[in-house]
Amino acid sequence: MEIKLADNIQELHQILVVQKENYFGNLSEKSINDKGFVTVKHSFGIIEKMNSKAPQVIAKDNDIVVAYALVMLIEFKNLIPVLVPMFSILETIKFKGKNLSEFSFYVMGQICVKDNYKRKGIFKKLYLKHKEVYSGLYEYCITEVSSSNKPSMLAHHKIGFKTIHTFKDATDEWNILLWDWTENNISS
C-alpha cells in the first residue's frame, strides 16, 4: 500500500471510479448505513483543476487507487454548486473568538475508501498524509459530513476533528468539522 499525492491523469480517473462506487445514489440503504457514502460527484475537469493547485492524497495498491482524500482550496468554492452553502456558512462561523475566515485553512473535499480496504487504517493514513503535506501551509483542515453518515462522523472524530457547527439545508443536516493542526491531536 502506498499513500501518495496524485501526479498523473490515470490516478485522477481512478479517483472518480472509487467515487462512483461509493456515491449514495448507487448504494443500498444497508450499505449506506453500514459503510458510509459520498454525496458529491466531481467531473474529471474539476478534479484536474483541484489537483493542479493542491495535489490530491491517494492510497494505491498494485498501481490501483483504492482510496482518496481530496483537497479543495477556497478558490474553488464555486466549482460545485452543492458545496456553495457550506462555503457561505464557513464565512459566518466564529472560532477561537475570531471569524474562521481569518485563519488559514482548506476544505478536505471528500474522503473515500473502497469497500474491501475499509477498516485497515487507510482512512487515518490518508489524513496523516494531509497533515504531513499541508500543515505547514494551513492551520486547519475543515470538512463537512452528513449527520446521517454515522461511519464517517465516527471516523473523523477518531482522527481529531471536532464539530464546530451544524446546519440544515434542502438536502440534509450537515456538520462542519475542524481538525486543528496547531494542536498535536492524532497519533502517528
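Residues numbered from 1 in each chain as written. Predicted model: local features only at pLDDT ≥ 70, side-chain atom pairs only at ≥ 80, totals over all residues. Heavy atoms only, no water.

Considering the pairing of strand β6 (residues 105-113)
Judged by how many residues are buried, β6 sits mostly within the fold: nine of nine residues are covered. As judged from the six bridges shared by strand β3 (residues 64-72) and β6, these two strands associate in the antiparallel manner. When the bridges of β6 are listed, Ala69 appears paired with Ile111. Sheet analysis places β6 next to strand β7 (residues 140-146), joined by three bridges and oriented parallel. Within the sheet, the bridge partner assigned to Phe105 lies in β7 and is Tyr140. Since β6 and β7 lie parallel, the crossover through helix α5 (residues 122-134) that links them has a hand, and here it is right-handed. (Buried < 20%, exposed > 50% of the residue type's maximum accessible area, 1.4 Å probe, protein only. Helix = DSSP H or I, 4+ residues; strand = E, 2+ residues; numbered from the N terminus. Pairing = 2+ DSSP bridges. Right-handed = clockwise from strand over helix to strand, strands pointing away.)

With respect to the pairing of strand β8 (residues 162-168)
Remark: a regular strand shows side chains that alternate across the two faces of the sheet. In terms of strand pairing, β8 meets strand β9 (residues 173-180) through six bridges, oriented antiparallel. Each residue of the ladder has a partner; that of His165, found in β9, is Ile176.

Here's the deal with the packing of aromatic side chains
Applying the stated criterion across every chain, the model contains 11 aromatic pairs. For the ring pair Phe95 and Tyr140, a centre distance of 5.3 Å and an interplane angle of 85 degrees mean the geometry is edge-to-face. On the criterion of sequence distance, the pair formed by Phe95 in strand β4 (residues 94-95) and Tyr140 in strand β7 is long-range, its members being 45 residues apart. Across the pair, exposure class does not vary: Phe95 and Tyr140 are buried alike. In this structure an aromatic cluster arises from ring pairing among Tyr106, Phe123, Tyr127, Tyr134, Tyr138, Phe161, Trp179 and Trp181. (Phe/Tyr/Trp six-rings, centres within 6.5 Å; stacked < 30°, edge-to-face > 60°.)

A few points about the sheet that holds β6
Taken in spatial order, the seven strands line up as β1-β2-β3-β6-β7-β9-β8 in an open sheet, and their pairing is mixed. Here the strands that pair on one side only, and so sit at the sheet edges, are β1 (2-5) and β8. Strand-to-strand twist of the sheet, defined as the mean angle between neighbouring strand axes without regard to direction, takes the value 25 degrees. (Axes fitted to C-alpha atoms, helices over the stretch in contact; angles between N-to-C directions.)

Some remarks on the packing of helix α1 (residues 9-22) against helix α3 (residues 44-53)
Running from N to C, α1 and α3 point in directions that differ by 125 degrees, and their axes come no closer than 10 Å. Between α1 and α3, the angle is such that the two are oblique. Judged by the twist between their axes, the crossing of α1 over α3 is right-handed. Contact with α1, carried on its side by Ile9, Leu12, His13, Ile15 and Leu16, involves Phe44, Ile47, Glu48 and Asn51 of α3 and no other residues of that element. (Parallel < 35°, antiparallel > 145°, perpendicular 65-115°, else oblique. Left-handed = near helix turned anticlockwise from the far one by under 90°. Contact = heavy atoms within 4.5 Å.)

Remarks on the packing of α5 against helix α6 (residues 150-159)
Between α5 and α6, whose axes approach to 11 Å, the crossing angle comes to 50 degrees. If you check the angle between α5 and α6, you find them oblique. Like other packed secondary-structure pairs, α5 and α6 cross with a definite hand, here right-handed. Between α5 and α6, the residues in contact are Phe123, Lys124 and Tyr127 and Ala155, His156 and Ile159, respectively. Grouping the amino acids of the contact of α5 with α6 by side-chain chemistry returns four nonpolar, one polar and one charged. (Nonpolar A, V, L, I, M, F, W, Y, C, P; charged D, E, K, R; others polar.)

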